[in-house]
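This is what each chain is made of:
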Amino acid sequence: METETEHHHGSHRRLVTVNPETHESGAVDAIVVPTIRHPTWLKYAIRLATELDCVLVTLHSKWSKAHLVPGLVPAGVRFLSVQIADPAALNVPDFSTTALLRNTPFARATDLSAKRNLGLLLARLLGWERIVFLDDDIEVSGHEDVARAAALLDVYDAVGMHIGGYPDNSVVCHAHRLAGGKQDSFVGGGALAVHTTRNPSFFPNIYNEDWFYLLNDKELRQLAVTGMVKQRPYDPFDRPVRARDQEFGDTLAEGVYWLLDEGETWEAATGEKYWEQALSRRTEFIKDVLRRVESRLPGNQAVENSLRAALGRHNRITPQLCVQYLQAWKEDRLRWETYLDTVPPIGFDKEEIGKSLAKHGVPKMGIWASFDRMEIRRDTVVRGGM
């Protein structure tokens, strides 16, 4: 029997419309894939873009090389591949949320949020209203579910897909499930169709950035879930640093969504008194999971080490920091919306895209593309370390 706890909500599904009926198929403008892996991992996204007859956008960094994509994409499939050497060079606002955490233990050194925001910027530049974010470790069996999700964007601001295979959770929540806890998966950016012009939002550089993207001014945006995709398995307990890096974002997101589950707006999370209670709940939750792991899974040192790493990082989070972050996030949402209003649609112009993606004074992004059946090459890469 699954264990429930008063310190944690194992599911937020009541906030989402599950499997709304639709017999229609919607058009998708682009599939957007942030990736750090070898481009061979893109085979599902390539097939999906082929079946949907939409543009495949792949955003590469670290070990993933954009220049290899042209050799993998079938003739006639439109694609746009961008090599990102330094996310700080991207032509997006300098966010207060990022500045708040800079040079602190809570700063996040990944570029996933930057890539997703770049996808939103491309949508504005190229006039795309319906895009689908797809992680490179997500397997899609067919295009029909994605087309139905796109059709639902007539009503909903975002439509996620059920993620089967390996569960999509934080390290702490994986441990909770492993030790017999009741734990669901929520809608995430790994397989998410979004309407880009309605209620614009951005992805902050924090774990659970997709949960924050799905919020509006006071509560959750119009959100549904449909269809099924599959996440490839991985070991969430291979490095304790993974749990440590996730803890601040997991704490914030779970604290905000706790209020939504209770029928309140997230604005109740803007006071320090609320976070004193929320942080205490989270502390007890992690300790309870650790006790159950030690009792039910004795000798599982990797899981115990990850939970202790999460607890150590959690103990450094203060109510003041949580309040400051949410205030900065509110400012950033307005900053992002104002910024998008200044972005002119340019259509597909090989020179203008390169200039528009990078900050002023920075060399154009490395771009490889085939768009509207015209082959285009760009090999000037932004200089900078990663």
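To keep things clear, this report deals only with the structure shown in the data block. (Residues numbered from 1 in each chain as written. Predicted model: local features only at pLDDT ≥ 70, side-chain atom pairs only at ≥ 80, totals over all residues. Heavy atoms only, no water.)

Counted according to the given criterion, the structure contains 22 salt bridges. Here Arg-130 and Asp-154 are joined by a salt bridge, their closest N and O atoms 2.4 Å apart. Linking Arg-130 in strand E5 (residues 130-134) with Asp-154 in the loop between helix H4 (144-152) and strand E7 (158-165), this pair joins segments that are 24 residues apart in sequence. Residue class for Arg-130 comes out buried when judged on its relative accessible area of 17%. The partner of Arg-282 in a salt bridge is Asp-250, and the shortest N-O contact between them spans 2.8 Å. Taken together, the residues span a long stretch of sequence, with Arg-282 in helix H8 (residues 272-296) and Asp-250 in helix H7 (residues 240-261) at a distance of 32 residues. Among the residues examined, Arg-282 registers a relative accessible area of 5% and is labelled buried. Using a relative accessible area of 3% as the deciding quantity, one classes Asp-250 as buried. (Salt bridge = Lys/Arg side-chain N within 4 Å of Asp/Glu carboxyl O. Helix = DSSP H or I, 4+ residues; strand = E, 2+ residues; numbered from the N terminus. Buried < 20%, exposed > 50% of the residue type's maximum accessible area, 1.4 Å probe, protein only.)

The subject of this paragraph is the nonpolar core. Of all hydrophobic cores here, the largest spans 73 residues; its most connected members are Trp-128, Leu-214, Phe-248, Tyr-257, Trp-275 and Leu-357. Counting residues per element, this core draws most heavily on helix H10 (residues 319-341), at nine residues. Ignoring anything within four residues of it in the chain, the contact list for Tyr-257 reads His-12, Leu-15, Phe-186, Trp-211, Leu-214, Leu-215 and Leu-220. Counting 35 residues, the second largest nonpolar core, distinct from the first, contains Ala-66, Val-69, Val-73 and Val-77. (Core = buried A, V, L, I, M, F, W, Y, C linked by side-chain atoms within 4.5 Å. Contact = heavy atoms within 4.5 Å.)

With the rule as written, the count across this model stands at five cavities of 30 Å³ or more. In this structure, the largest cavity encloses a volume near 110 Å³. What lines the largest cavity is simply His-7, His-8, His-9, His-12, Thr-251, Glu-254, Gly-255, Trp-258, Ala-278, Arg-281, Arg-282 and Phe-285. When contributions to the lining of the largest cavity are tallied by element, the ones reaching two or more residues are H7 and H8. In terms of residue class, the lining of the largest cavity is built from three nonpolar, six polar and three charged. (1 Å grid on protein atoms, 1.4 Å probe; cavity = no way out; pocket = protein on both sides within 12 Å on 5 of 7 lines; lining within 4 Å. Points joined across faces, edges and corners; volume = space filled by probe spheres on them. Nonpolar A, V, L, I, M, F, W, Y, C, P; charged D, E, K, R; others polar.)

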